[in-house]
Every structure is written in C-alpha cells, then in structure tokens.
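Fold and contact review
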Amino acid sequence: MDNLLIGLANIMNLKYILLIMAGVAGGISIGSLPGLTATMGVALLLPVTFGMEATSGFLILIGIYVGAVYGGSVAAILVRTPGTPAAAATVFDGNEFAKRGEGGRAIGISTTSSAIGGIISALMLIFVSPYLANFALKFSSAEYFALAFFGLTIIASISAKSLVKGLAVGMVGLLISCIGLDPMTGYSRFTFGSYYLFSGFSLIPVMIGLFAMPQIYNSILEGVSEFHIKQHVTRVLPTKADMKLMLPTAIRSGFLGTFIGSIPGAGADIAAFTAYNEAKRWSKHPEKFGTGIVEGVAAPEAANNGVTGGALIPLLTLGVPGDAVAAILLGALTLQGLQPGPILFRDHIELVYTIFAGVLVANIFMFIMGILGIRLFTKVVSVPKYYLMPTIFILCVVGSYAINNSFFDVLVMMGFGIVGYFMQKVDMSASPIVLAMILGPMAEENLRKALVMSEGSASIFLTSPISLFFIVAAVGTVVWPMMKAMMNRNKEN
Amino acid sequence: MKVRIKVIALLLCIMLTGVCFIGCSPTGSTEVASQFPEKPITIICPYGAGGGTDAVGRAVADVAKDIFGQPVVVENKTGGVGVVGMTASMNAKPDGYTVGMVAVELVSLPKMGLAPDTFTYENYKPIALLNADPCAITVGIDAPWNTLQEFLEYAKEHPGKVTVGNAGSGSIWHLGAIGLEEAAGVEFKHIPYSGGANPVVVDLLGGHIDAVAVSPAEVGSHVEAGKLKILGIAAEERSEKFSDVPTYKEQGIDLVLGTWRGLAVPKDTPDEIVSILEEKFMEAANDPKFVEFLENAGLGHEVLNSEEFVAKMQKEDKLLDAICEKYLETTE
C-alpha cells in the first residue's frame, strides 16, 4: 500500500500528467483512424522515448495504448468502421445508435464502460497481479487451441439474422486464414507464387475493406444525397437508466478483459468479441443484441480496455508480454536498461508502482477526454456525405498502406471492399470473417503444435483442465440452445 | 471536427508532397561522389516496426544522420518473411540513396524455396555488418542437464523425444537447432512458434517444452531472474554478458550460427559511393551511442566492413546449404 501511495505521489507531477495526457490524446486520434492501431502507435513512438528517462517514456506509451484501444470505438460507432480490430465488436450495436441519431449516447456509453474496464484492470494489476501472472504460464498449445475453438463459437452470436450465413462467412474467414506459409512446415499455401501472400492477407486491410468500403461503393453506385442522420447530443454523460443497464455488463466485461489480456497471445480483439458473446449469453433479452442496445456497446468496450492493464500483468511480473502492444512495451523497458520480471519488482519497485498509478491516471484522462470530445466527434457525421465519403476513402487507403508500406494491401482493401459490398447486398455480416481471421491462425498453429507435443494423441485437449473447460464451454454453447429449444417443444406438446 | 478534418487534410497534403519528392529523383547521373550525399538517405527495413531488425536500423540511422549531415530515414517494407523488403532494396536505383537492411534470411530463404532465384546476396554490395546474435540452447532452471553434452546425451538416448522450441518454421533459430542435431548426431522434436521469440520462451517458462533454440539475449532477463539456464552458445567466443556459459565449440560441437543484420546497396552502385557509405556507416556502427543502444536492447554488437561481411555471407551460404536441405527433408 505504501508503494502505491508513493507511486501516486510520483505521478502527481505536472510533467508526468502532461505526458500521459498527450499520450492519451494521441492514442485516441490514432485509434479512431482506421488502419492505425494501438500496436502501431506505440511502435512508432518508441524511438522518441529513447531519449527520455524510463518513467516518462513508459508513461507516454501507456497513455497511447489506453487511448488507442478506446479510440477505435469512435469510428466504429459513427462511421461503421472499426478504428482498430479491438473495436470490431463495437460496430454491431454502436453503429445502430448512430443510425438512430444517438451516436453521442453510444460514445458516452463506450467512454464510460472503457473507463470502467480500464480502471478494473488497473486495480487488478495493482492488487492481484502476482496471482494472475502464474496463471498465464499454464497456457500452452492445447489451452490456446481450446480457447480459439471456444472463440469460434462466438460466430453463432454475431451472425445477425441468419446462422447459416454467419457460419458460411466464418468458414470463408478460416479458409482465408490458411493463405500464406504453413506455420509448421513453411510450405507456401494458396500464394500463387506471390511473395506478398507469404504472410497471408493482413487483417487490417481486410477489415477496413469489409466494413468501410461497402459504404463508399454504395455512395458511388447510388449517389450521395445531402441527407445525413442528425446526431442529437443533449447530454454527454450516460443517463441514470443507461448507467444501470451498463454497470453490471461493464464490470463483468472489465474482469473478463483483464483475464484475457493477462494470457499471452490473446489480445483486445479476442476479449471484445468474447465479452460481447458473454453479455448476450447471460442477457435476459439476447435477441435485442445487434439492434443498438446499451449492453452491446458496454461489453466489448469495457473488455478491450480491460486488456490494457491485463496485458501488463505478465509483462511486469514475469517479463512476458500479454499482447502485441505489451511486447513493444517490453522493448521500451529493456532499452532503458530495465528487466521486467521479479528483478524489476526487487530493484525498481517505485517505478513499478508509478506505472501502476499511470495506468489508473491514463484511464481517468481517457474518460475525461472522451466525454468532452463527444460533441466534437459526433460532428464528423454531420459533414455532408459528399465530403465525408471521399475523406473516409482516403483514410482507408492511407491506413491500409501504412500497415506494411505496401500498395498490395491497398488492393487487398479494395478487393475485400467489393466482397463486402455484395455481402451487404445479400445481408451477410462481415464480422465472422474478421473473427475467423483472428482465431484461425491461433487455432491451427496450436492444434498442430499440441498434437506434435502429444505425439498425435488428441487426449491432450481433455487432460489439461483449462483446455477441457474451454472445450466443454464451446460444445455447451452450441448444444445448449438446441436442447433448450427441444425441451420447450416437448413442454408445448 | 472541422478542425480535425483540416488537420487531416493538411497531413495528407504533406504526405502527398513527400511522395512527389520521392518521384523526383535527379535526372541524369551526374552526381559526383565527393558531394555524396546531397539528399536524405533511406534505409529499407524488411521487417516491421518494433522488431529487432527495425531497432538496429533505427538506431544506426539516428547516429548516421549526424555523420552524413543529411537525414537518414527508415522505411519498413514488410511481407514475404523479408523477401518483399529485401527485393525492393536489391532492385532500388543504385545511387546509394536507398540502402537495404539485410539479415540472415537473405541467405537462408532461397535455400528453402521461399524466395526467387534472383534473391541472392550476390545482388548486393555489402556496406557493413551491424549486429549478430548466436543461437543457444536454453532450458528450465530445474532441468536435469547442466551442460550441452548432458543435454545431447539425453537426446541421443531418447531420439525424437526432446522438444525444442524455435521462433518460427524455417527461422534461423529453427535452422540452428537442426544444425545442432546434425553436428551432434541426435534427433529433436522441433516445435515452431510463430510471432517472434516471446511465445516460445513463455512456453519454456511454463514447462511445456524441454528447451528453446533462440539467442541468449531473448532469454537473458529470465536467466538473470534465475528461471532459465543457457547450456551453450553457438558463437566463436563466449559472450561478455554470459561469460560463464561455454560455447558449442568448447563443448565439442563445431557449429557457429546465428542471426545477423547489416546494410547493403544494389550491386551496380558505383564503388566510390559504396566506400563513402562504408566509411560513414562503419563510423556510426562504432559510435558509443549505437553500442550502448545495442547493449541495452540485448542485441549483440558485431561490426564487419564490406569485405569481411561478404566473406561471412559466403561462409554461411555453404553452411546453410546442408542445414536447409535437412530442414526441407524434415518438413516434407
């Protein structure tokens, strides 16, 4: 506790506060631009921090991380384009709000639940990290496969109206994730000899193509009117009624996000989808998900910000990064001559607690800036469509190019835009492709690694308690609704 | 929001202007070597921001900009496990203004059928080697083996049972483990982990595999924390940081292999320009600021000039022939 107070006292220093603020503001801008992700923002700013002392450098990166994970939701809600993969699950309900002219309300909900999720994860980081840390080491190939397997059942809950269409789209996503070098043997699959396809299609150009481009093709083909949905912003903070709906979901999802964040190899995108799925599963009115309800925004947003603190748990306690951003943060610490892990706690306990306090403060700033920004953000959709659409298009091109500095990715984005356009025409949801592309490689690689380790015996998935849990949960998710339906039918007879 | 759009528009304008400048390379090649460089130098990094190759490139660029008196910009051109970026720098205009970061994959990828025949180190004129990190075998602190010999003896008695993780199928660490197998006449069970060295080290920490075949730097913090131990390092000499760990050679295994990163320009670049680049980048590579950066990042500082660098690549070209052949056999 003393250490925490020292940490908090350290952070109450104008320089640190300003750095965190700048980081959060920069992070929100990066996150809200499609194509620029939290990972990229932190990676690009890393060299700038070399010249700073360790605490300053690390705090500004934390600010960017927290801001960017939140910022993705703004674009997801207002222009139906997730700013980062972590916000892909926010599109379902968030954009429905905007369609009703309640974009401001949705951003209020997303800001508040992001802050709740972030603060929960910061508190978990401070108080229980040593216990959660060792849990992270229990995950190996079998457990990761089971987690991905369970994750894929989420397709059922994000399939919108038709389960068959959702499954079909999900399968296509899995097939797409097979493109590239075989993870075990290095054999090139479906690359047609093109070196650009060696690492498969990058997720971000595909995601931007599927979500943003259909709107643009639509406006090219059908013309744009000056018509736009007026966004009414009467208040920026969620109402009492909204808070009541939101709190239980946000708190649950915040814990879930922290937990998923603490597992190395599972990040904010997986956490957001899982939280959405769980919120729907435990809801009294699951059929309303996807129509623009409070819980549908609160769950993914609380979870993805929950990951921020969660990912730092194994990073700081074990020196093992909890997700892609944390891997860069690991680099940031080692470059300062600091070794994350038990040694950091022994020799630099003050720095550790200053970082803890920094995560807390960054979430508070994110909340303040998000709430203050609502009126500004919502104005983006008040811009006439003949300005807005070309701007979105340019941002999509720049964002796709920026991932690998490759024009190939721009073509991928445009190509998937055409696919997305036709999918929209036949009422197919694009999200299962994104989910399958996130989980497909994880499932494949870990399935095969686990089988190599067990010498081909599938029992490895059932003898590990964690793996067994996820497999049972996955089977239950699929079988339980069917059984329930059958029981109801029997009752009626 | 209008303000934001204005800012975005402004940024776009700046970017587009920048693109125009890239297009406007000087007509006619009347540059005199003595004036080189007259404009910014671009280093093409074939791997993404945040990785080891990128870190080395950015660090050397930072030091070199003062030495050249011109900006030195790092551009990440990723894809094709490095083929895309290296092909771009190999085929760049041979005027010395585009320099490629090259890595050991330049030699290994074509041997595994993952790059076209035209993808060869012979299409480059090397400038300087900046960094090298050897392969090593690391095990959990509670593992029953304390030397490489004990480990290999156990592997010999249990062929195909010892699980050795590496950082990706066909990666240099995978090839390093295969090289060790060949040199010692044993057979491991290789487990490739994609996504760099972190995931495989985590699995070793969790006790899910027996050993990892990555560099000492990538396990360094866990070794210092007393959770892992390094059994041997595939370098010519012992490392400064882990001076109590013997090399493979000291333990009777004749294998020196590892990753390395350096700079090179297209082979048609005029010799005068190559020698200017070599001189200035060598100066940057030996700059205390660069050395300190590598040390903090846990990267090995090994500098070779153009000539020595060519010799190194020729030597590795031969060494990797046999190892890559074995790799192709085992993965088929």
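Above this note sits the structure.
Here's a quick rundown of the structure. Owing to the predicted nature of the structure, the values given are computational and were not obtained by experimental measurement.

1. Here's the deal with the overall build of chain B
Of the regular secondary structure elements, chain B holds 11 helices and 11 strands. Looking at chain B as a whole, 55% of its 332 residues qualify as buried. Intrachain contacts of chain B at a sequence separation of at least 6 include 75% that bridge at least 24 residues. Accessible surface, chain B: about 13,900 Å² in total, of which carbon and sulfur atoms supply 53%.

2. A short note on the sheet that holds strand β4 (residues 124-134) of chain B
Residues and elements named next belong to chain B. Pairing within the open sheet is mixed, and its six strands lie in the order β2-β1-β3-β10-β4-β11. The open sheet has two edge strands with one neighbour each: β2 (72-76) and β11 (301-305). Averaged over neighbouring strand pairs, the angle between their axes works out to 25° when direction is ignored. As judged from the three bridges shared by strand β1 (residues 41-45) and strand β3 (residues 98-103), these two strands associate in the parallel manner. When the sheet's bridge partners are listed, Ile44 is paired in β3 with Gly100. Against the sheet, helix α3 (residues 83-90) engages β1, β3, β4 and β10 (258-266), with an angle of about 140° to β3. Along the sheet face, helix α6 (residues 172-184) touches β4 and β10 and points at about 125° away from the line of β10.

3. Description of the interface of chain A and chain B
Between chain A and chain B, the residue contacts involve 49 residues of the former and 48 residues of the latter. Regarding the contact of chain A and chain B, the summed buried area is about 4,000 Å², with carbon and sulfur atoms giving 62% of it. Where chain A packs against chain B, one counts two salt bridges. For the pair chain A and chain B, the interface holds 13 residue pairs in polar contact (both at pLDDT 80 or more). Contributions of two or more residues to the side of chain A that touches chain B are made by α3 (38-49), α15 (324-335), α16 (342-347), α17 (349-378), α18 (385-404) and α20 (431-453) of chain A. In terms of residue count, α18 of chain A provides more of the side of chain A that touches chain B than any other element does, five residues in total.

4. Some details on the environment of Leu231 of chain B
Residue and element names in this part refer to chain B. Tracing the chain through its elements places Leu231 in strand β9 (residues 228-233). A residue is classified by how much of its surface remains accessible, and Leu231, at 1% relative accessible area, is buried. When the C-alpha positions of Leu231 and Gly160 are compared, they lie 19 Å apart, and in sequence the two are 71 residues distant. Leaving out residues up to four positions away in the same chain, Leu231 has contacts with Ile137, Val139, Trp145, Asn146, Thr147, Leu148, Phe151, Val245, Pro246 and Gln251.

5. Some remarks on helix α11 (residues 306-331) of chain B
Residues and elements named next belong to chain B. Here α11 is 26 residues long and its end C-alpha atoms lie 35 Å apart, about the 38 Å a rise of 1.5 Å per residue gives. A bend of about 35° at Leu320 is the largest found in α11. Ser306, Phe309, Lys312, Met313, Glu316, Leu320, Ile323, Cys324, Lys326, Tyr327 and Thr331 are the residues of α11 that are buried.

6. Here's the deal with the environment of Gly85 of chain B
Within the secondary structure layout, Gly85 of chain B lies in helix α3. Separated by 41 residues in sequence, Gly85 of chain B and Ile44 of chain B place their C-alpha atoms 6.6 Å apart.

7. Description of a nonpolar patch on the surface
All names here are of chain A. On the surface, Phe149, Val475, Val478, Val479, Trp480, Met482, Met483 and Met487 cluster together into a nonpolar patch covering about 720 Å² of accessible area. Per element, the largest residue contribution to the nonpolar patch is seven residues, and it comes from helix α22 (residues 465-492). Mapped onto the secondary structure, Met487 falls in helix α22.

8. With respect to the packing of aromatic side chains
Residue and element names in this part refer to chain A. In total, this model carries 24 aromatic pairs over all chains according to the counting rule given. Look at Phe135 and Phe259: their rings are 5.4 Å apart centre to centre, the planes differ by 40°, and that puts the pair in the tilted class. Residue Phe135 is found in helix α6 (residues 103-136), and its partner Phe259 is found in helix α12 (residues 240-262); the two are separated by 124 residues along the sequence. Taking the relative accessible area as the measure of exposure, Phe135 reaches 24% and is therefore partly exposed. Look at Phe259 and you get partly exposed, because its relative accessible area is 27%. The interplanar angle of 80° and the centroid separation of 5.3 Å between the aromatic rings of Phe201 and Phe416 together place this pair among those described as edge-to-face. Highlighted residues: Phe201 in the loop between β2 (188-189) and α10 (203-211) and Phe416 in helix α19 (residues 407-425), separated in sequence by 215 residues. Residue Phe201 is classed as partly exposed on the basis of its relative accessible area of 22%. The buried category is assigned to Phe416, whose relative accessible area is 10%. The structure contains a cluster of three or more aromatic residues connected by ring pairs, namely Phe135, Phe139, Tyr144, Phe150, Phe259, Phe469 and Phe470. Its guanidinium or amino end placed over the ring of Phe97, Arg100 lies 4.8 Å from that ring's centre, counting from NZ or CZ.

9. Details of the sheet that holds strand β8 (residues 211-212) of chain B
Residue and element names in this part refer to chain B. Pairing is mixed across the open sheet formed by five strands, whose spatial order is β7-β6-β8-β5-β9. In this open sheet, the two edge strands, each paired with only one partner strand, are β7 (189-192) and β9. With two bridges joining them, strand β5 (residues 136-140) and β8 adopt antiparallel strand pairing. When the bridges of β8 are listed, Val139 appears paired with Ala211. Against the sheet, α6 contacts β5, β6 (163-166) and β7, and its axis sits at roughly 175° relative to β7.

10. Considering unusual backbone geometry
Looking along the chain, the bond that leaves Phe36 of chain B and enters Pro37 of chain B is cis, with omega of -5°. With respect to the helices, strands and loops of the structure, Pro37 of chain B is situated in the loop between α1 (2-23) and β1. Residue Arg80 of chain A is not a glycine yet carries a positive backbone phi of 60°. The residue Arg80 of chain A is located in the loop between α4 (54-79) and α5 (91-99) in this model. Accessibility expressed as a relative area gives 22% for Arg80 of chain A, which makes it partly exposed. Unlike most non-glycine residues, Glu455 of chain A shows phi in positive territory, near 55°. Here Glu455 of chain A is to be found in the loop between α20 and α21 (460-463).

11. Considerations on the pattern of salt bridges
Oppositely charged side chains can form a pair if their charged atoms are brought close together. Summed over all chains, the structure comprises 29 salt bridges over all chains. Measuring nitrogen to oxygen at the nearest pair gives 2.9 Å for the salt bridge that ties Arg189 of chain A to Glu444 of chain A. Of this pair, Arg189 of chain A sits in strand β2 while Glu444 of chain A sits in helix α20, and the two are 255 residues apart along the sequence. Residue classification places Arg189 of chain A among the buried positions, given a relative accessible area of 16%. For Glu444 of chain A, a relative accessible area of 18% gives the class buried. We note a salt bridge from Glu455 of chain A to Lys161 of chain B, for which the minimum N-O separation is 3.1 Å. Remark: Lys161 of chain B occurs in the loop between α5 (148-157) and β6 and Glu455 of chain A occurs in the loop between α20 and α21; the pair is interchain, linking two chains. Taking relative accessible area as the criterion, Glu455 of chain A reaches 47% and is therefore assigned partly exposed. The class for Lys161 of chain B is partly exposed, based on a relative accessible area of 45%. Residues participating in the shared-partner salt-bridge network are Arg100, Glu102, Arg105 and Asp242 of chain A.

Thresholds, definitions, all that
- Residues numbered from 1 in each chain as written.
- Chains lettered and ligands numbered in written order.
- Predicted model: local features only at pLDDT ≥ 70, side-chain atom pairs only at ≥ 80, totals over all residues.
- Heavy atoms only, no water.
- Helix = DSSP H or I, 4+ residues; strand = E, 2+ residues; numbered from the N terminus.
- Buried < 20%, exposed > 50% of the residue type's maximum accessible area, 1.4 Å probe, protein only.
- Contact = heavy atoms within 4.5 Å.
- Areas by Shrake-Rupley, 256 points an atom, 1.4 Å probe, with all protein chains shown as cover.
- Pairing = 2+ DSSP bridges.
- Axes fitted to C-alpha atoms, helices over the stretch in contact; angles between N-to-C directions.
- Buried area = accessible area lost by both parts, 1.4 Å probe.
- Salt bridge = Lys/Arg side-chain N within 4 Å of Asp/Glu carboxyl O.
- Polar contact = N/O pair within 3.5 Å; in protein donor to acceptor, adjacent residues only side chain to side chain.
- Expected span 1.5 Å × (residues − 1).
- Bend = angle between axes of the 7 residues up to and from the residue.
- Patch = residues over 30% accessible without salt bridge, like charges linked within 9 Å, V, L, I, M, F, W, Y side chains within 5 Å.
- Phe/Tyr/Trp six-rings, centres within 6.5 Å; stacked < 30°, edge-to-face > 60°.
- Lys NZ or Arg CZ within 6 Å of the ring centre and 35° of its normal.

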